[in-house]
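Chain and residue survey
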Amino acid sequence: NIIEEAHRLTEFFLKRGNPSRQRVVDLLGAMITGTETRTKSSNQLDEGGGPNHFVDALQHGPPQYRDLNFRLQMEVMKARMQGFCTSGFCLNTLMLLFKLVEPIKVTQAPTLCPYYIAKGVKDVAHPVLGNYHKEARFGDEEAVTAANEHFATLPEWNEDIPFKAQVHWLCLRAFHCMLIPVLKEDTCFLYAASFFQGKDMDQFEVFFGEHLLYETILDSPIFKDGLAHMLNLTMAFVLSAAYPEKAAEIKEAKSASQVFGTVSIPPEKVSPEFAALPSCIIDDLVELLEYLHNTRAGPDQESDLFDRIDRDLLIVMLVFVLGSGDHIRNPSVRGKATTIMTAVAKMKNYSQRIEKWDFCVRNMIPSCVRVFTAVEKTKQSYYDIRMHLKYQLRMPIMELFEKLMELSEHKNCLKRFAEAESEDFLKFTNLMINDATYQLEEGLDTLLEVRKREREVGEQPEESGAAGVGVNREVDESEDMNADGQDMFRRSRHDPKEHCRTYMKMGHRTLRTLWSMSREAPQVVTGAPIVLQQMLQNCLNACLDRLVGPKCLELKAKNAQRQDFEAYEFHPKKLLTFLAEMYVALAREDRDKVVHIVGEDTRNYKPQTFRKAIKILARENFIPAAALDDFRAFVDYLIQSASAQQAAMDAVEIPDEYLDPIMAEIMSDPVLLPTSKNIMDRKVIERQIMSTDEDPFNRQPLKKSDLIPQDDLRKEIHEFCAKHNIKIDDD
């Protein structure tokens with residue numbers, strides 16, 4: 001009732017004419033401007049560290065930080081001293097703004113003046129925009145300058161900004177200054193309630209009670225309806241700026257999503273309209289959606305706000321964020337968007353649309369590939385300095401990717417993408433192989449350390465050491481202490497079981513995605529020699545050696561009667577099954593190439609390891625009889641071919657100039673590195689370029705296109721190998 005009365009009063013002033021209406025806009029603008037300081041980390045309940053930091057401070061911080069009443073009183077005091085609005089005031093203001101933007105149709109999004117912020121820089125509209133122009137933009141400084149010059153040539157540049165555009169921009173600012181800080185507070189209360197549940201019920205009731213106060217408004221139908229409309233308007237506004245050529249079409253269309261469903265991701269270029277927009281618009285959008293997902297009532301109960309939002313518009317927006325690296329330069333935001341996309345893909349209303357809609361068929365797989373590569377640049381986790389945040393961001397990407405791979409339309413899209421965008425695809429696959437290798441090795445190394453301690457002390461180890469288990473990571477632990485001798489990264493030192501479990505789960509997930517790709521689209525792997533070699537030698541061979549090789553018994557518990565692999569999320573049966581089926585699937589596509597690459601791996605290939613794998617698979621009935629027969633046939637041919645190859649190489653002395661200087665293997669396609677003048681095998685140096693883009697001998701920049709083929713030497717090597725019955729790649 002209070003909100004309705006405030007809205008009626010506001011309507012009264014709006015109907016009094018332009019001067020009165022402008023005063024309403026200026027008043028709302030002043031309220032939002034006064035609340036801008038609330039976005040600073042020092043003015044947030046979690047101090048910018050997120051809910052984990054908030055809970056950590058409740059346990060380990062100074063005494064006053066463990067008292068919620070004191071913390072809340074401090075927030076009120078800051079609000080009075082700095083003049084920003086409290087949480088309740090922010091939410092009431094947002095509800096009023098939602099009422100004001102309600103009449104704006106989503107198809108009017110292109111008319112909401114993306115150039116408005118450029119005028120604000122000159123203080124023409126400062127009462128409305130406040131300091132919004134100081135926020136980082138989607139474009140760099142040069143692109144923003146060019147955009148401002150472009151806007152100055154537009155006929156509408158000298159016209160007054162329409163009321164609907166001013167109200168829309170006020171709402172965008174309110175999202176950033178009012179809504180997001182409130183959602184962060186509520187998330188802290190929910191995380192704290194979850195943490196104390198079952199441990200300290202008094203504390204649980206306090207924090208859950210605080211959450212319920214927020215939920216009173218956030219979960220009300222009137223707030224959610226207004227929020228859903230503003231989200232639709234914001235998404236259409238951003239996409240209209242990214243695709244300005246669609247503006248006229250959108251204004252005439254029945255729905256904006258109908259038009260955006262025809263676009264390709266990413267846009268061909270970054271438009272001036274998009275470059276000038278504050279990048280926090282997408283940050284806030286993703287953070288809001290992430291809040292809705294993280295605060296859902298249960299694993300299968302997403303917020304009903306997702307049903308109120310325009311489904312197709314949300315799908316297009318998320319795919320745009322995933323796949324448009326030149327537009328959305330923050331890899332962490334793109335990674336978070338994948339978590340949301342994976343969540344909505346499980347909803348009834350969204351799943352079939354994502355699977356069958358032509359827009360998704362054309363754009364989903366390429367976008368997954370691009371965002372997987374992009375999150376390589378994310379920082380390490382603040383709360384676990386030994387945990388790479390990129391791994392956590394990639395888990396939902398792989399889950400979504402694997403689900404799509406089962407569908408023929410998306411599978412065909414992957415094949416087309418691998419052919420048309422081979423460099424992007426190679427980088428994606430190479431990174432996934434590296435992830436699987438590192439994650440499984442970290443998990444297995446941790447488990448080995450646990451077993452070592454069990455044998456030494458006769459019990460399971462608790463907390464201690466780097467990465468939680470004392471595995472040597474070449475980290476000086478003294479550097480992790482502050483001036484008072486307190487461990488600044490105590491949360492990174494989980495018990496060894498948790499550390500092992502984390503990496504094992506990620507390793508299984510990543511290997512499963514590679515398994516799915518090998519089964520569903522083996523030709524995209526065998527068609528890329530560099531990727532195939534990485535997968536077979538660095539991943540499959542290495543993993544097989546760890547599972548059934550000479551040292552595999554060290555992974556078992558000291559007490560042979562105690563089977564505790566599941567407690568560590570270690571599932572050797574599943575891993576061995578994945579490996580056997582991947583070898584067979586790839587060999588079915590190109591047996592001789594696969595066998596040659598596996599057999600030339602001098603580090604991990606051992607005939608007895610493959611024979612032992614067959615014995616275990618047969619004894620335990622891990623895979624169907626037909627699959628086992630296929631693997632046995634592959635191994636027999638592999639051992640025979642590798643033996644013949646080794647005999648041929650032992651019978652002749654290979655000239656040094658035929659060998660790669662780094663791998664000491666016969667080069668199949670020698671190329672000259674232009675700056676260092678060294679000759680290397682193409683597949684070796686291209687693998688290096690995928691990782692560092694540098695000449696390994698002098699660290700100078702190097703691209704694939706810089707490599708100079710050595711045709712005469714290549715012909716000489718191939719003739720030598722043919723003469724002595726040495727098999728060599730022809731690619």
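What counts as what
- Residues numbered from 1 in each chain as written.
- Predicted model: local features only at pLDDT ≥ 70, side-chain atom pairs only at ≥ 80, totals over all residues.
- Heavy atoms only, no water.
- Helix = DSSP H or I, 4+ residues; strand = E, 2+ residues; numbered from the N terminus.
- Rg over C-alpha atoms; globule rule 2.2 N^0.38 Å.
- Buried < 20%, exposed > 50% of the residue type's maximum accessible area, 1.4 Å probe, protein only.
- Salt bridge = Lys/Arg side-chain N within 4 Å of Asp/Glu carboxyl O.
- Phe/Tyr/Trp six-rings, centres within 6.5 Å; stacked < 30°, edge-to-face > 60°.
- Lys NZ or Arg CZ within 6 Å of the ring centre and 35° of its normal.
- Patch = residues over 30% accessible without salt bridge, like charges linked within 9 Å, V, L, I, M, F, W, Y side chains within 5 Å.
- Areas by Shrake-Rupley, 256 points an atom, 1.4 Å probe, with all protein chains shown as cover.
- Contact = heavy atoms within 4.5 Å.
- 1 Å grid on protein atoms, 1.4 Å probe; cavity = no way out; pocket = protein on both sides within 12 Å on 5 of 7 lines; lining within 4 Å.
- Points joined across faces, edges and corners; volume = space filled by probe spheres on them.
- pLDDT = per-residue confidence, 0-100.
- Pairing = 2+ DSSP bridges.
- Axes fitted to C-alpha atoms, helices over the stretch in contact; angles between N-to-C directions.
- Expected span 1.5 Å × (residues − 1).
- Polar contact = N/O pair within 3.5 Å; in protein donor to acceptor, adjacent residues only side chain to side chain.
- Left-handed = near helix turned anticlockwise from the far one by under 90°.
- Nonpolar A, V, L, I, M, F, W, Y, C, P; charged D, E, K, R; others polar.
- Parallel < 35°, antiparallel > 145°, perpendicular 65-115°, else oblique.

Quick look at the overall build of the chain
- Each helix and strand in the chain was counted, giving 32 helices and three strands.
- Taken over the C-alpha trace, the chain has a radius of gyration of 30 Å; the compact-globule value for 731 residues is 27 Å, and the two agree within 12%.
- In terms of overall dimensions, the chain has C-alpha extents of about 100 × 65 × 50 Å along its principal axes.
- Taken over 731 residues, the chain has a buried fraction of 54%.

What to know about the pattern of salt bridges
- Taken as a whole and judged by the stated rule, the model has 36 salt bridges.
- A salt bridge links Asp358 to Arg362, with the nearest nitrogen and oxygen atoms 2.9 Å apart. Remark: Arg362 and Asp358 occur in helix H20 (residues 358-374); sequence separation between them is four residues, near one turn of the helix.
- Residue class for Asp358 comes out partly exposed when judged on its relative accessible area of 47%.
- Between Asp590 and Lys593 there is a salt bridge whose closest N-O contact spans 3.8 Å.
- Classification of Lys593 as buried rests on a relative accessible area of 14%.
- The structure contains a network of salt bridges with shared partners spanning Asp219, Lys224, Asp225, Asp304 and Arg308.

Focus on the environment of Leu305
- Locating Leu305 in the fold gives a position in helix H16 (residues 305-308).
- When the C-alpha positions of Leu305 and Pro272 are compared, they lie 32 Å apart, and in sequence the two are 33 residues distant.

A look at the packing of aromatic side chains
- As enumerated under the stated definition, the model contains 31 aromatic pairs in all.
- When the ring of Phe189 is compared with that of Tyr214, the centres are 5.7 Å apart and the planes differ by 50°; the resulting orientation is tilted. Taken together, the positions of Phe189 in helix H9 (residues 163-196) and Tyr214 in helix H10 (residues 201-218) put the pair 25 residues apart, joining distant regions of the chain. Pair check on accessibility: Phe189 and Tyr214 agree, each one buried.
- Above the plane of the ring of Phe372 lies Arg394, whose end atom (NZ or CZ) is 4.3 Å from the centre.
- Taking NZ or CZ as reference, Lys497 lies 5.7 Å from the ring centre of Tyr568, over its face.

A closer look at a nonpolar patch on the surface
- Together, Phe70, Met74, Met77 and Met81 give the surface a local cluster of nonpolar side chains, amounting to about 400 Å² of exposed area.
- Relative to the helices and strands, Phe70 resides in helix H4 (residues 68-82).

Things to note about the environment of Val106
- For Val106, the location among the structural elements is in the loop between helix H5 (87-101) and helix H6 (116-120).
- Between the C-alpha atoms of Val106 and Leu231, which are 125 residues apart in sequence, the distance is 9.7 Å.
- Setting aside chain neighbours within four positions, we find Val106 in contact with His229, Asn232, Leu233, Ala236, Ala256 and Leu313.

Comments concerning the side chain of Glu36
- For Glu36, the location among the structural elements is in the loop between helix H2 (18-34) and helix H3 (50-60).
- Residue Glu36 is classed as buried on the basis of its relative accessible area of 15%.
- Residues contacting Glu36, with those up to four places away along its chain left out, are Leu129, Gly130, Asn131, Tyr132, Arg173 and Cys177.

Things to note about empty space enclosed by the protein
- As enumerated under the stated definition, the model contains two cavities of 30 Å³ or more in all.
- The calculated volume of the largest cavity comes to roughly 70 Å³.
- Forming the walls of the largest cavity are Ala436, Thr437, Leu440, Glu441, Leu444, Asn538, Cys539, Ala542, Cys543 and Arg546.
- For the lining of the largest cavity, the secondary-structure elements that each account for two or more residues are helix H23 (422-457) and helix H26 (529-548).

Things to note about the confidence of the model for the chain
- In the predicted model, the chain carries a mean pLDDT of 87, and the fraction of residues at 70 or more is 91%.
- Predicted confidence for residues 381-386 stays below pLDDT 50, and this span has 22 contacts to residues more than four positions away or in other chains.
- Taken as a whole, residues 461-493 scores under 50 in pLDDT and shows 67 contacts with residues more than four places along the chain or in a different chain.

Some points on the sheet that holds strand E3 (residues 708-709)
- The three strands are arranged E2-E1-E3 in an open sheet whose pairing can be described as antiparallel. Edge positions in the sheet fall to strand E2 (679-681) and E3, since each has one partner strand and no second.
- For strand E1 (residues 670-672) and E3, the ladder comprises two bridges, and the chain directions are antiparallel. Within E3, the residue paired with Leu672 across the bridge is Ile708.
- Each of E1, E2 and E3 touches helix H31 (residues 682-692); the most contacted strand, E2, lies at about 90° to it.

Brief notes about H5
- Here H5 is 15 residues long and its end C-alpha atoms lie 21 Å apart, about the 21 Å a rise of 1.5 Å per residue gives.
- Along H5, 11 of the 15 residues are buried, which leaves the element largely enclosed by surrounding structure.
- Of the residues making up H5, those classed as buried are Ser87, Cys90, Leu91, Thr93, Leu94, Met95, Leu96, Leu97, Phe98, Leu100 and Val101.
- Buried residues along H5 sit in contact with helix H1 (2-14), H2, H9, H10 and helix H11 (221-242).

Looking at unusual backbone geometry
- Following Ile265, the chain continues to Pro266 via a peptide bond in cis, the omega torsion being 0°.
- You can see Pro266 is positioned in the loop between helix H13 (256-260) and helix H14 (272-275).
- The phi dihedral of Glu569 falls on the positive side, at around 55°, and the residue is not glycine.
- Note that Glu569 resides in the loop between H26 and helix H27 (572-589).
- Unlike most non-glycine residues, Lys677 shows phi in positive territory, near 65°.
- By the element assignment, Lys677 lies in the loop between E1 and E2.
- On the accessibility criterion, Lys677 (58% relative accessible area) is exposed.

Looking at helix H18 (residues 331-344)
- Here H18 spans 20 Å end to end across 14 residues, near enough to the 20 Å set by a 1.5 Å rise per residue.
- Counting buried residues in H18 gives 12 out of 14 residues, a clear majority hidden from the surface.
- What H18 keeps buried is the set Pro331, Ser332, Val333, Arg334, Gly335, Ala337, Thr338, Ile340, Met341, Thr342, Ala343 and Val344.
- Buried residues along H18 sit in contact with helix H15 (280-294), H16, helix H17 (311-323), helix H19 (348-356), H20 and helix H21 (389-405).
- If you check the start of H18, you find a side-chain oxygen 3.0 Å away from the backbone N of Ser332, and it comes from Asn330.

Concerning the packing of H15 against H17
- Here H15 crosses H17 at 120°, and the two axes come no closer than 12 Å. Handedness of the H15/H17 crossing: left-handed. Taking contact as the criterion, the partners of Ile282, Leu285 and Leu289 in H15 are, on H17, Leu314, Met317, Leu318 and Val321.
- Classifying every residue of the contact of H15 with H17 by side-chain character gives seven nonpolar, no polar and no charged.

As for the packing of H26 against H31
- For the pair H26 and H31, interaxial distance at closest approach is 9 Å and the crossing angle is 85°. By the angle between their axes, H26 is roughly perpendicular relative to H31. For the pair formed by H26 and H31, the contact residues are Ile530, Gln533 and Gln534 on the first element and Lys683, Glu686, Arg687 and Met690 on the second.
- Classifying every residue of the contact of H26 with H31 gives two nonpolar, two polar and three charged.

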